[in-house]
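Okay, here's what each chain looks like letter by letter:
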Amino acid sequence: MSNIVNLLLAGLATGAIYALVAIGFTLLWQTSQTINFAQGEFVMLPAFFVLAALNLKAPLWLALLIGLGASLLVLGAMFKLIIVDPMLRHGVLPLAICTMALSIFLKEGVKESYSAEASPFPSLFPSGNVSVLGAQISIQSISIFVFALAAVYLLQAFLMRTSTGRQMQATAQNPSVAKLLGIPVERMILYTFLINAALVALASFLVSPVYLAKFSAGETLGLSAFIAAIVGGFNQIRGAIAGGLLLGVVDNFAAAYVSTQYRGAVPLFLLIAVILFRPQGLFGRAEERTV
Amino acid sequence: MMGAKPALLRAGLLLLGLGLLIAVPIGLNRYGVYIMSLWAVMAIAAMGLNLTLGYAGQVSLAQGAFVGIGAYAVAILMTHGMPFIVPLLVAVALSFAIGWALGYPALRVQHHYLAFVTLAFSTLVYLIFRNEEWLTKGIYGIMGFQRPTVFGLSTRTPLAFYYFCLAMLALATAVMAWIVRSPWGRAFVALRENPIRALSLGVDTRRYTLMAFAIGSAMGGFAGALYAPLVEFVDPTPFTLALSLNILMMVIVGGSGFFFGPFLGAAIAVLLPEWLRFAQGWYLVIYAAFVMALLVYTPTGLLGVADRIMANRRTRRASAARAAAAAALDAPGLNPEKP
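What you are looking at is a predicted structure, and each value in this text was computed from that prediction instead of being measured.

### Details of the overall build of chain B
Step number 1: Along its length, chain B carries 14 helices and four strands.
Step number 2: Buried residues in chain B amount to 51% of all 339 residues.
Step number 3: Expressed as a percentage of contacts within chain B between residues at least 6 apart in sequence, the contacts between residues at least 24 apart total 77%.
Step number 4: As displayed, chain B has an accessible area near 16200 Å², and 69% of this comes from carbon and sulfur atoms.

### A word on the overall build of chain A
Step number 1: Scanning chain A from terminus to terminus reveals 11 helices and two strands.
Step number 2: Mapped from its N terminus to its C terminus, chain A presents α and β elements in the order α-α-α-α-β-β-α-α-α-α-α-α-α.
Step number 3: The globule rule puts the C-alpha radius of gyration for 291 residues at 19 Å, and the 19 Å found for chain A is close to it.
Step number 4: For the C-alpha atoms alone, the extent of chain A along its principal axes is close to 55 × 50 × 35 Å.
Step number 5: For chain A, buried positions account for 52% of its 291 residues.
Step number 6: Relative to all contacts within chain A whose residues are 6 or more apart in sequence, the contacts with residues 24 or more apart total 75%.
Step number 7: With an accessible surface of roughly 12500 Å², chain A has 66% of that area assigned to carbon and sulfur atoms.
Step number 8: In chain A, 15 side chains carry a positive charge and 10 a negative one; their mean positions are 10 Å apart.

### Remarks on helix H2 (residues 39-55) of chain A
All names here are of chain A.
Step number 1: Over its 17 residues, H2 extends 25 Å from the first C-alpha to the last, a length consistent with the 24 Å expected when each residue adds 1.5 Å.
Step number 2: Burial analysis of H2 places 13 of its 17 residues in the buried class, the great majority of the element.
Step number 3: With its phi angle positive at about 70°, Lys 57 sits one or two positions after the end of H2.

### Regarding the interface of chain B and chain A
Step number 1: At the junction of the two partners, chain B supplies 36 residues and chain A supplies 41 residues.
Step number 2: Counting the surface lost from both chain B and chain A, the interface buries some 3500 Å², and carbon and sulfur atoms represent 83% of this.
Step number 3: Summed over the three residues of chain B that lose the most area to chain A, namely B:Tyr113, B:Phe116 and B:Met292, the buried surface amounts to 18% of that side.
Step number 4: At the junction of chain B and chain A, the tally comes to zero salt bridges.

### Considerations on the nonpolar core
Step number 1: By size, the foremost hydrophobic cluster in this structure holds 197 residues, and its most contacted members are B:Trp39 and B:Phe188.
Step number 2: The element best represented in this core is helix H2 (residues 30-55) of chain B, accounting for 17 residues.

### Brief notes about helix H11 (residues 241-254) of chain B
Residue and element names in this part refer to chain B.
Step number 1: Compared with the 20 Å implied by 1.5 Å per residue over 14 residues, the 20 Å span of H11 between its first and last C-alpha is a close match.
Step number 2: For H11, the tally of buried residues reaches 12 of 14 residues, placing the bulk of the element in the interior.
Step number 3: For H11, every residue scored as buried is listed here: Leu 241, Leu 243, Ser 244, Leu 245, Ile 247, Leu 248, Met 249, Met 250, Val 251, Ile 252, Val 253 and Gly 254.
Step number 4: Downstream of H11 by a residue or two, Gly 255 has a phi angle that is positive, lying close to 125°.

### Looking at the side chain of B:Asn131
Step number 1: With respect to the secondary-structure elements, B:Asn131 resides in helix H5 (residues 111-131).
Step number 2: The exposure class of B:Asn131 is buried, given its relative accessible area of 14%.
Step number 3: Apart from residues lying up to four places away in sequence, B:Asn131 is in contact with A:Gln261 and A:Tyr262.

### Remarks on the environment of B:Arg30
Residues and elements named next belong to chain B.
Step number 1: Following the sequence through the fold, Arg 30 ends up in helix H2.
Step number 2: Relative accessible area serves as the criterion here: at 65%, Arg 30 is assigned to the exposed category.
Step number 3: When the C-alpha positions of Arg 30 and Met 249 are compared, they lie 27 Å apart, and in sequence the two are 219 residues distant.

### Remarks on the UniProt feature "transmembrane region" (unreviewed entry) in chain A
Residues and elements named next belong to chain A.
Step number 1: UniProt tags residues 6-28, 35-54, 60-79, 130-159, 189-211 and 265-283 as "transmembrane region" (unreviewed entry).
Step number 2: Helix and strand shares over residues 189-211 are 100% and 0% respectively, and the end C-alpha atoms of the span are 32 Å apart.
Step number 3: Annotated as 68% helix and 0% strand, the span residues 265-283 places its first and last C-alpha atoms 22 Å apart.

### Some thoughts on a positive patch on the surface
Residues and elements named next belong to chain B.
Step number 1: A contiguous patch of positive charge on the surface is contributed by Lys 5, Arg 313, Arg 314, Arg 316 and Arg 317.
Step number 2: By residue number, the principal contributor to the positive patch is helix H14 (residues 302-329), which donates four residues.
Step number 3: Relative to the helices and strands, Arg 313 is located in helix H14.

### As for the packing of helix H4 (residues 92-113) of chain A against H11(B)
Step number 1: Interhelical geometry of H4(A) versus H11(B) gives an angle of 125° and a closest axis separation of 10 Å. Of the possible angle classes, the one that applies to H4(A) and H11(B) is oblique. Where H4(A) crosses over H11(B), the handedness of that crossing is left-handed. Along its contact with H4(A), which presents A:Leu93, A:Pro94, A:Ile97, A:Met100, A:Ala101 and A:Ile104, the element H11(B) presents B:Leu245, B:Leu248, B:Met249 and B:Ile252.
Step number 2: Considered class by class, the residues forming the contact of H4(A) with H11(B) number 10 nonpolar, no polar and no charged.

### Let's talk about the environment of A:Pro120
Residues and elements named next belong to chain A.
Step number 1: Among the structural elements, Pro 120 can be located in the loop between H4 and strand S1 (129-132).
Step number 2: Overall, the relative accessible area of 63% leaves Pro 120 in the exposed class.
Step number 3: Spatially, the C-alpha atom of Pro 120 lies 8.9 Å from that of Lys 214, the residues being 94 residues apart in sequence.
Step number 4: Those residues in contact with Pro 120, other than ones at most four positions away along the chain, are Leu 51 and Leu 212.

### Quick look at the packing of aromatic side chains
Step number 1: Taken as a whole, this structure holds 22 aromatic pairs over all chains when the rule is applied.
Step number 2: Seen from their ring centres, A:Phe226 and B:Phe116 are 4.7 Å apart, and the 85° between their planes marks the pair as edge-to-face. Residue A:Phe226 is found in helix H9 (residues 218-232), and its partner B:Phe116 is found in helix H5; the two belong to separate chains. Accessibility assignment for this pair places A:Phe226 and B:Phe116 in one class, buried.
Step number 3: Ring plane angle 70° and centroid distance 5.7 Å describe the contact between B:Tyr227 and B:Phe239, whose orientation is recorded as edge-to-face. Of this pair, B:Tyr227 sits in helix H10 (residues 205-231) while B:Phe239 sits in the loop between strand S4 (233-234) and H11, and the two are 12 residues apart along the sequence. Each of the two residues, B:Tyr227 as well as B:Phe239, counts as buried.
Step number 4: Each residue in the set A:Phe25, A:Phe37, A:Phe226 and B:Phe116 is aromatic and connected to the rest through ring pairs, giving one cluster.
Step number 5: The aromatic ring of B:Phe161 is capped on one face by B:Arg147, whose charged end is 4.7 Å from the ring centroid.
Step number 6: Note that B:Arg207 overlies the ring of B:Tyr208, its terminal NZ or CZ placed 5.4 Å from the centroid.

Rules used in this analysis
Residues numbered from 1 in each chain as written. Chains lettered and ligands numbered in written order. Predicted model: local features only at pLDDT ≥ 70, side-chain atom pairs only at ≥ 80, totals over all residues. Heavy atoms only, no water. Helix = DSSP H or I, 4+ residues; strand = E, 2+ residues; numbered from the N terminus. Buried < 20%, exposed > 50% of the residue type's maximum accessible area, 1.4 Å probe, protein only. Contact = heavy atoms within 4.5 Å. Areas by Shrake-Rupley, 256 points an atom, 1.4 Å probe, with all protein chains shown as cover. Rg over C-alpha atoms; globule rule 2.2 N^0.38 Å. Lys, Arg positive; Asp, Glu negative; His and termini not counted. Charge placed at Lys NZ, Arg CZ, Asp CG, Glu CD. Expected span 1.5 Å × (residues − 1). Buried area = accessible area lost by both parts, 1.4 Å probe. Salt bridge = Lys/Arg side-chain N within 4 Å of Asp/Glu carboxyl O. Core = buried A, V, L, I, M, F, W, Y, C linked by side-chain atoms within 4.5 Å. UniProt positions renumbered as here; feature names shortened; annotations may be inferred. Patch = residues over 30% accessible without salt bridge, like charges linked within 9 Å, V, L, I, M, F, W, Y side chains within 5 Å. Axes fitted to C-alpha atoms, helices over the stretch in contact; angles between N-to-C directions. Parallel < 35°, antiparallel > 145°, perpendicular 65-115°, else oblique. Left-handed = near helix turned anticlockwise from the far one by under 90°. Nonpolar A, V, L, I, M, F, W, Y, C, P; charged D, E, K, R; others polar. Phe/Tyr/Trp six-rings, centres within 6.5 Å; stacked < 30°, edge-to-face > 60°. Lys NZ or Arg CZ within 6 Å of the ring centre and 35° of its normal.

The following block contains the structure:
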């Protein structure tokens, strides 16, 4: 029993991270048809911004701020202006390939310019365990879960309650009509990229203390977030949240109860099943077919 | 005369390319010849994906898995002492069958969803390579099989094996050229351009979708069957998702849907990183930056640019001809409407 609770809670903490990354993924897809294969590397990079700032003797809070700012600039604005904007009108595929190249670029760039080894990352939360339903859960896991969900909640509130948020939603649903209604579509798309950059930066700060900062850290994380986004529903934020949490839990249970060699296969089977039998995702809405 | 010129030009370019491909490796060292052979193998794999994606419009992120399937089929059967031709045919047939099966999801879902299904397939195949030790020897890999002897000629030396790969590439190219020009090829293009209209015109889109996957995958398996004796060692590491993505990159960078696109794309993906070795660890960074810059500049790939330039020149020539014709018409007595 305590084992199951343990796995469940740890899975939810992992899942909350997946959800953060998956939300960014779906946001980019919705507003600009960008399938970002570099999303995992986007999570890897901000931790290195922070480490670089720490190496220059900045205090932790300042380093985190610098990390966030650099992410917004590089992964948000520059990514959109330099790569996405010129390629957008040529369809989904060349852009997707370009993000694959970007993922190699970021990974190898960090490896060469910083280190090929895993670097420790300062923890933002106290260590230690608390007892929940007889299971020992680390404060780290709980904090990750709480912070990630808080961020998701804030984002939802922003998108639902504020005028800018609603304009962003309108842009995502129908850019031409949004433009007709006087919504500055371009700026809204830029906001989406900035939000994605903030989400991956947060995810980076939350996971790096656990999994260490390493140039290749994004590979598995990116794939998991990818699967989470599709399983939940590629065109819905709540789908990404549910998909992320579900995948985190499934992942952890698979590691415990399926063979260690094939734990990675379970999410993939889930992905194939969902795409074949419910392509819009478990919580998504169907996209109309255009002739 | 106007029609004959481009055909002559093309034939000349083809001969020149072939001559270079035959002559260049003679001056290269062992590793250089290996890289050229790798290029030929990857060009075959990319050519297969170009049929699936470029001509038939079905996105597949699983081409690397088929290269793996072909390589393992050959490695396993050859260690059991079979002559190369048998494993080669098995590799192609097996990839064809699995590719056909992988086509079924394409009947239900399209575009990015299809990409994700094939992505999952690709990763699953990698897990099988790594974990089913009774069959694949797992992470230890398979070795101890030899390069084939073709028509009594041994291909043990790198150069001999390179020419063998080149001959296989020529064979694959001929088959592909035949497919693309056949009614099948036109049906594939119809499938890409407008599946619903193709269906309404009586094209059996279901069969052609499966066919596009199966033939493309069989090409991948064929490439894998050459990869195994090229490297003389098969283990799971080369066949991760990265290989599938890399082959997809070759197709897009070269020019998806252009016959010779995969040749160029494979050249960039295989040769360019080698030329950049002087930059040491940075070579992949420079390579990735180059690919990004190239795609931003020309999203339709290298041959897409060439095509655009040719089209522009044709338009200009046509409008010059039109202007000349109009001027001739303006000559006195011919055009009564103008004073």
